[in-house]
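Examining the three-dimensional arrangement
The lines below spell out each chain.
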Amino acid sequence: MSAPADNDVSRAPTGVRAPGRARLAARTLRTDRWWLSPLLTVLGLATFVVYATVRAFVRTAYWVPEYHYLTPFYSPCVSTSCVEGSSHFGHWFGEMPSWLPLGVLVLPFLLGFRLTCYYYRKAYYRSVWFSPPACAVAEPHARYTGETRLPLIVQNVHRYFFYVACVVSLVNTYDAIVAFQSPTGFGFGLGNVILVLNVVLLWAYTLSCHSCRHVTGGRLKHFSKHPVRYWIWTQVTKLNTRHMALAWTTLGTLVLTDFYVMLVSSGAISDLRFVG
Ligand code: FES
């Protein structure tokens, strides 16, 4: 029998129906609630995406002038459409059309950073793309090409999103420092606690990135000759073991921070002040 032509090979199933794989009629033999984790994941991600999208577009209640609280969804705010005082880094653009989020400068990069994150990839490949939905549960796709083709090959730019995310974390840090003000000078309140907590956890998430681990300790042949980089790498590695938890926690703190700023800015509640 002649060997199959190249075209035939490229069309051959490469997923669970590939030659050599066990022929099972059932999609899975698992009897536990394997679907619960992907279901919770997709619900959690969808909730964040809906909330963040609405808040990014509404253009209201994102700045508290008395205490200099700025929500991270609008930072940095660098157009003349931003309310007075909220542009910590000046005006780089004129008026923005109402259909553009004021945080448009960084939101695509933050979205890219999370979308290409190694943890989120696992999360949405399982819960959204079902590739596969869980261990020992067959995926519905006949073919598997991994991240070797468009569009998924773009996942390889993650390290560049990581560099931008570091800059954005610096911006958020500056916002948190600027917020230690009151109408009478120095002051802080519950809003500051929330802003600082959010920034600390954002740094923890960013520095626990797998790309950060590679930047600090990758491509070294001998750790013994690079003790400083080795020490940094070990610290990043410890953080890295918490990457999934930090990924979810920071989604929560981003929403919490934005929600609190929205409540104070809109006058729904007053900031709980400790000093000033
Ligand atoms: Fe998750 Fe880089 S691997 S942010």
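Residues numbered from 1 in each chain as written. Predicted model: local features only at pLDDT ≥ 70, side-chain atom pairs only at ≥ 80, totals over all residues. Heavy atoms only, no water.

1. Details of unusual backbone geometry
Glycine aside, residues mostly have negative phi angles, and peptide bonds mostly take the trans form. Applicable threshold: Under the scheme used here, helices are H or I runs from DSSP no shorter than 4 residues and strands are E runs no shorter than 2 residues, and both carry numbers assigned from the N terminus.
Residue P76 is bonded to the preceding S75 through a cis peptide linkage, with omega at -5°. Here P76 lies in the loop between β2 (69–70) and α3 (107–115). For the peptide bond that leads from S131 to P132, omega is -10°, which places it in the cis range. On the secondary structure map, P132 appears in the loop between α4 (118–127) and α5 (158–178).

2. Observations regarding the state of the cysteines
Just so we agree on the cut-off: Disulfides are defined as cysteine sulfur pairs within 2.5 Å. Note on exposure labels: buried denotes an accessible area under 20% of the residue type's maximum, exposed denotes more than 50%, and partly exposed covers the range between, all computed with a 1.4 Å probe on protein chains only.
Under the definition given, this model contains one disulfide. C77 shares a disulfide with C82; S-S distance 2.2 Å. Sign of the S-S torsion, about -90° for the bond between C77 and C82, identifies this disulfide as left-handed. For C82, a relative accessible area of 7% corresponds to the buried category.

3. Observations regarding the confidence of the model for the chain
Going by this rule: Along the chain, pLDDT gives the predictor's confidence residue by residue, from 0 to 100. Any two residues having at least one pair of non-hydrogen atoms within 4.5 Å are treated as being in contact.
Confidence along the chain averages 93 in pLDDT terms, with 96% of residues attaining 70 or more. Low confidence marks residues 1–9, where pLDDT is under 50. Its contacts with residues over four positions away, or in another chain, come to one contact. Both confidence scores are given for the complex: pTM 0.91, ipTM 0.99.

4. Observations concerning the nonpolar core
Going by this rule: Put simply, a nonpolar core is a bunch of buried Ala, Val, Leu, Ile, Met, Phe, Trp, Tyr and Cys residues held in one set by side-chain atoms that sit within 4.5 Å of each other.
Core analysis: the biggest nonpolar cluster contains 35 residues, and Y62, F73, L102, F113, Y120 and Y205 have the highest contact counts within it. Put simply, the parts of the chain that give this core at least two residues each are α2 (36–58), α4, α5, α6 (190–207) and α9 (243–266). The element contributing the most residues to this core is α4, with five residues. Not counting residues within four places of it along the chain, the set of residues in contact with Y120 comprises L45, R114, Y125, Y205, A247, W248 and L251.

5. Here we look at the pattern of salt bridges
Note the threshold: We define a salt bridge as a contact between a side-chain nitrogen of Lys or Arg and a carboxyl oxygen of Asp or Glu at a distance within 4 Å.
Taken as a whole and assessed by the stated rule, the structure comprises four salt bridges. A salt bridge links R30 to D32; the nearest nitrogen and oxygen atoms lie 2.7 Å apart. One salt bridge connects R121 with E147, and the closest N-O pair in it is separated by 2.9 Å. Of the two residues, R121 sits in helix α4 while E147 sits in the loop between α4 and α5, which places them 26 residues apart along the sequence.

6. Some words on the UniProt feature "transmembrane region" (unreviewed entry) in the chain
Just so we agree on the cut-off: UniProt positions are given in the numbering used here, feature names are shortened, and annotations may be inferred rather than shown by experiment.
Mapped onto the present numbering, the UniProt feature "transmembrane region" (unreviewed entry) falls on residues 34–54, 99–120, 160–180, 186–205 and 245–269. Between the end C-alpha atoms of residues 160–180 there is a gap of 32 Å, over a span that is 90% helix and 0% strand. With 88% helix and 0% strand, residues 245–269 has its two end C-alpha atoms placed 30 Å apart.

7. Let's talk about helix α7 (residues 210–217)
Among all positions of α7, only S211, C212, T216 and G217 are buried. The secondary structure elements touched by the buried residues of α7 are α5, α6 and α8 (227–240). The first or second residue beyond α7 is R219, which carries a positive phi of 60°.

8. Here's the deal with the side chain of T216
Along the chain, T216 turns up in helix α7. Judged by its relative accessible area of 13%, T216 falls in the buried class. Beyond its immediate sequence surroundings of up to four residues, T216 is in contact with R229, I232, W233 and V236.

9. Looking at a nonpolar patch on the surface
What counts here: Residues qualify for a patch when their relative accessible area is over 30% and they have no salt bridge, like charges being joined within 9 Å and the nonpolar side chains of Val, Leu, Ile, Met, Phe, Trp and Tyr within 5 Å. With residues, only the protein chains shown are counted as cover, and all accessible areas are computed by Shrake-Rupley using a 1.4 Å probe.
A cluster of nonpolar side chains, contributed by L150, I153, V154, V157, Y160, Y163 and V215, occupies part of the molecular surface with about 640 Å² of accessible area. Turning to its location among the elements, I153 is positioned in the loop between α4 and α5. On the basis of relative accessibility, which here comes to 37%, the residue I153 falls in the partly exposed class.

10. Side note on the packing of α2 against α4
The condition that has to hold: Comment: axis = line fitted to C-alpha atoms, over the contacting stretch for helices; angle = value between 0 and 180 degrees taken between N-to-C directions. What sets the label is the angle itself: under 35 degrees gives roughly parallel, over 145 gives roughly antiparallel, 65 to 115 gives roughly perpendicular, and the rest give oblique. Crossing handedness is defined as follows: a turn of the near helix away from the far one that is anticlockwise and smaller than a right angle gives a left-handed crossing, while the clockwise case is right-handed. Each residue is assigned to one of three groups, with Ala, Val, Leu, Ile, Met, Phe, Trp, Tyr, Cys and Pro labelled nonpolar, Asp, Glu, Lys and Arg labelled charged, and all others, Gly among them, labelled polar.
Contact geometry for α2 and α4: axes closest at 9 Å, N-to-C directions at 110°. Between α2 and α4, the crossing angle belongs to the class labelled roughly perpendicular. Crossing angle aside, the handedness with which α2 passes α4 is left-handed. Contacts from P38, T41, V42 and L45 of α2 reach α4 at Y120, A123, Y124, R126 and S127. In the contact of α2 with α4, the residues fall into six nonpolar, two polar and one charged.

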